Amino acid sequence: MRANDSATASTAIAVTAPEPRTAGPSGVSAAGTGGASRTTGPSGPSAPGAVSSATGPSGAPGPAAVSRTPASDPRSRGTLLAGLGVVAFSLTFPSTVWGLESFGPWSLVALRSTLAALLAGVFLLAGRVPLPERRHWAGLAVVAGGVVVGFPLLTSLALQTSTTSHAAVVVGLLPLTTAAFAALRTGRRPSRTFWIAAVSGAVVVLGFTLAESGGAPSTGDLYLFGALLVCAAGYTEGGRLAALMPGWQVIGWALVFCLPPMLVASAVALSLEPVHLNAHGVVGLVWVAAGSTFFGLYVWYRGMAAIGIPKASQLQLAQPLLTLVWSVSLLGEDLSPTAPVAAVAVLVCIAVTQRSKS
């Protein structure tokens, strides 16, 4: 789910223009909503004197023209997309626990990446998307290593000994870590208000999740800490690339690049780890492959390209609380009555970071 240096600044990533589209078979890219369009009839474009269905007799825009106008600000749409990604990610830990009922951790991660890569390959082929430029390959490798392989593997290993509430600690720290990686990568610094709100939100989430898990370090803590670092690096580089190419292509190509080694890893892991298929295991595998790895990262990177890495990362402050809700409803874990208080505090921090100048 990180070379054109001029696009590495977080402010450059927070673009307000519609995301560029890949050229179609005819070589003409899909234009944005700006500018006038000509009506095309059965025999081709209409003559200059013809009246388009999008305009009235006086040349004023008609209903058809109005319907093409974007209904919302691109930044609002970016926030919505990034939020959908957070919802998809919040189901990852419970789905991983389900998947581990049927597969070993290495088998689960290899199959997860393989299935997601096959899905991404179908979309890339259907859209006739050309290979990314060679200068983007290093960034795609960082994305692949961080969010396609590293984070899933390390968290799957951690969830063998840790509960989902304890593992949610890493998600609570991820927004702050991602913002720090973005600052180092771009050389820009968010405002003091931004950092105060971000640190406050991270402290709230960390305190809440540690209290829920008893506050005792588990044997999976080193795995979780490593997952935090590699995922933040992948998010940062993916957000930068999403300003240079459509976000779904960023994760799509990162997945496809991982397909050959993941096919080999799947064969080896399945031969070494036992498999006990059940409904939970299959559903968990399907979700982490199609929901978390493909769909979640697709909308997440599009959202980051629209609103910027630091602000998008703060939406993930809500992810641990959502994960705890799924843990209660899907895994039967108990939820403390302090959860609503923590949720309100986190939402306040998110609101502050979204309105602060970066």
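Details of the structure are given in the entry above.
What you see is a predicted model; the values in this text were computed from it and never measured.

1. Considering the environment of Trp287
Okay, step 1: By the element assignment, Trp287 lies in helix H11 (residues 279–307).
Okay, step 2: For Trp287 and Arg112, which are 175 residues apart along the polypeptide, the C-alpha to C-alpha distance reads 8.8 Å.
Okay, step 3: The residues contacting Trp287, other than those within four sequence positions of it, are Ala88, Leu91, Thr92, Ser95 and Ser292.

2. Focus: the packing of helix H5 (residues 105–126) against helix H6 (residues 137–158)
Two quantities define a packed helix pair, namely the angle between the helix axes and the distance between the axes.
Okay, step 1: Relative orientation of the contacting elements H5 and H6 amounts to 150°, with a least axis distance of 9 Å. Regarding the angle of H5 to H6, the classification is roughly antiparallel. Regarding H5 and H6, the two cross each other, and that crossing is right-handed. Contacts between H5 and H6 involve Pro105, Trp106, Leu108, Val109, Arg112 and Ser113 on the former and, on the latter, Val148, Val149, Pro152, Leu153, Ser156 and Leu157.
Okay, step 2: Per-class residue counts for the contact of H5 with H6 are 9 nonpolar, 2 polar and 1 charged.

3. Observations concerning the environment of Val328
Okay, step 1: Inspection of the secondary structure puts Val328 in helix H13 (residues 319–331).
Okay, step 2: Overall, Val328 belongs to the partly exposed group, its relative accessible area being 31%.
Okay, step 3: Taking the C-alpha atoms as reference points, Val328 and Ser165, separated by 163 residues in sequence, lie 10.0 Å from one another.
Okay, step 4: With residues near it in sequence (within four places) discarded, Val328 still touches Glu333, Asp334 and Leu335.

Definitions and cut-offs
Residues numbered from 1 in each chain as written. Predicted model: local features only at pLDDT ≥ 70, side-chain atom pairs only at ≥ 80, totals over all residues. Heavy atoms only, no water. Helix = DSSP H or I, 4+ residues; strand = E, 2+ residues; numbered from the N terminus. Contact = heavy atoms within 4.5 Å. Axes fitted to C-alpha atoms, helices over the stretch in contact; angles between N-to-C directions. Parallel < 35°, antiparallel > 145°, perpendicular 65-115°, else oblique. Left-handed = near helix turned anticlockwise from the far one by under 90°. Nonpolar A, V, L, I, M, F, W, Y, C, P; charged D, E, K, R; others polar. Buried < 20%, exposed > 50% of the residue type's maximum accessible area, 1.4 Å probe, protein only.

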